[in-house]
Amino acid sequence: MFIISGSTHQRLGVALAQETGAEFCGVVNKAYPDGERYVRILRQVSGRDVVVIQNTFPDEKIVELLLLLEAIHEAGAASVTTVIPYMGYARQERIFQEGETISARAVARPIGMRSDRVLTVSVHTPDVLDFFGCPAEDVDGLREVVHYLKGFTPGLVVAPDEGARERCSIAAKELKAPLHVMSKTRLDDRTVETDSGRVSVKGQTVVILDDIISTGGTIASSALLLKDWGASQVLAACTHGLFIEDAANRLRVCDDILSSDTLEGVYTRYSVAPAIAAAL
Ligand code: R5P
């Protein structure tokens, strides 16, 4: 088996090759002066099983993934498994207002056409898996973050909104800590309001767990309440850390921020490679 990494995942690709015993296939990957992409795979993959790993975020990474999939197809690979650690556009999995489109389907379809199997990691909603039109599964990155959080022995796990309840409830059980679910109202793309009955957190380490941190508004709003209630330490944990715009500044209220390597960055503290390797 060959592992081919797109530009979003050089390190994770190498880690996966080590975990699975697969060969790593290098790629020439560049942009022309006008911004158009160019890719060339550097090993003979004809008749071989190939795993390609790349996010669909930001937008230009989608083009890169489609070019890689075409190149692998042209080269005559026996099978192609596409691993998408962070699937951008998964939050628009349905039409919320007339005139919109199902963006997740628009992105997933062409990827599925050149894949025999797709793996996502902690995708925002499993509803998007059907859009690939080929066998697709979601790999749960929760076990990895829970494993990492055990070192902090949190006294409370906080779900920042209803959508995070199920994930946080599993984590709370594993961490042997109670669960508290906040009530979140989104005012606009960057602003949320969090409300909740007060819970006793005085002197405790509390972890707020979400699937995605984007602008940081959701986490910051919960963290401010928890600090106000006397928590000694507030940790913000997620699988996918986008940290866009001034997220780092907004999250200064948190004592620590941890995210996985589905999006590699300064807050990456744990890897989802073992979970992906097990699924492969
Ligand atoms: C929303 O449904 C997600 O689970 C996250 O809570 C959201 O994407 C976080 O966004 P932000 O960091 O911008 O508040």
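Predicted, not measured: the structure shown is a model, and the values here were computed from it.

Attention now moves to the domain arrangement of the protein. Along its sequence, the protein is carved into domain 1 (2-139) and domain 2 (142-271). Centre-to-centre separation of domain 1 and domain 2, based on C-alpha positions: 28 Å. Every contact between the two is made by 12 residues of domain 1 and, on the other side, 12 residues of domain 2. The junction of domain 1 with domain 2 conceals about 1100 Å² of combined surface from both sides, 55% of it contributed by carbon and sulfur atoms. For the pair domain 1 and domain 2, the number of links is one salt bridge. Glutamate 264 is the partner of arginine 11 in a salt bridge, and the nearest nitrogen-oxygen pair spans 3.6 Å. At the boundary of domain 1 with domain 2, the tally comes to six residue pairs in polar contact (both at pLDDT 80 or more). Looking at the side of domain 1 that touches domain 2, its residues break down into five nonpolar, five polar and two charged.

A few words on the pairing of strand β1 (residues 2-5). Judged by which residues are buried, β1 turns out to be covered on both faces: Phe2 and Ile4 on one side and Ile3 and Ser5 on the other are all buried. In the sheet, β1 pairs with strand β2 (residues 23-25) via three bridges, with the strands oriented parallel. Looking at the pairing, phenylalanine 2 lines up with glutamate 23 of β2. In terms of handedness, the path from β1 via helix α1 (residues 10-20) over to β2 forms a crossover that is right-handed. Of the pairings in the sheet, the one linking β1 to strand β5 (residues 49-53) comprises four bridges and is parallel in character. Of the residues in β5, the one forming a bridge with serine 5 is isoleucine 53.

Calculation criteria
- Throughout, a residue's number is its position along its own chain's written sequence, starting from 1.
- Where totals are concerned, whole chains, interfaces and linings use all residues; where local detail is concerned, this predicted model gives features only for residues with pLDDT of at least 70, and gives and counts side-chain atom pairs only at 80 or more.
- The side-chain values count all of the structure's non-hydrogen atoms but skip hydrogen atoms and water molecules.
- For the domains described, the bounds stem from an automatic or database domain assignment.
- Contact definition: two residues touch when any of their heavy atoms are within 4.5 Å.
- Two parts lose some accessible area (1.4 Å probe) when they are put together, and adding that loss for both gives the buried area.
- Salt bridges are defined as contacts in which a side-chain nitrogen from Lys or Arg sits within 4 Å of a carboxyl oxygen from Asp or Glu.
- In protein, a polar contact requires one atom able to donate a hydrogen and another able to accept it; more generally it is a pair of N or O atoms within 3.5 Å, and residues adjacent in sequence count only if both atoms are side-chain atoms.
- Each residue gets one of three labels, nonpolar for Ala, Val, Leu, Ile, Met, Phe, Trp, Tyr, Cys and Pro, charged for Asp, Glu, Lys and Arg, and polar for the others, Gly among them.
- Working definition: with a 1.4 Å probe on protein chains only, accessible area under 20% of the residue-type maximum means buried, over 50% means exposed, and in between means partly exposed.
- Here a strand is any run of E in DSSP of at least two residues, a helix any run of H or I of at least four, and the numbering for each starts at the N terminus.
- Any two strands with at least two DSSP bridges between them are considered paired.
- With its strands directed away from the observer, a crossover is right-handed exactly when the path from the first strand over the helix to the second travels clockwise.

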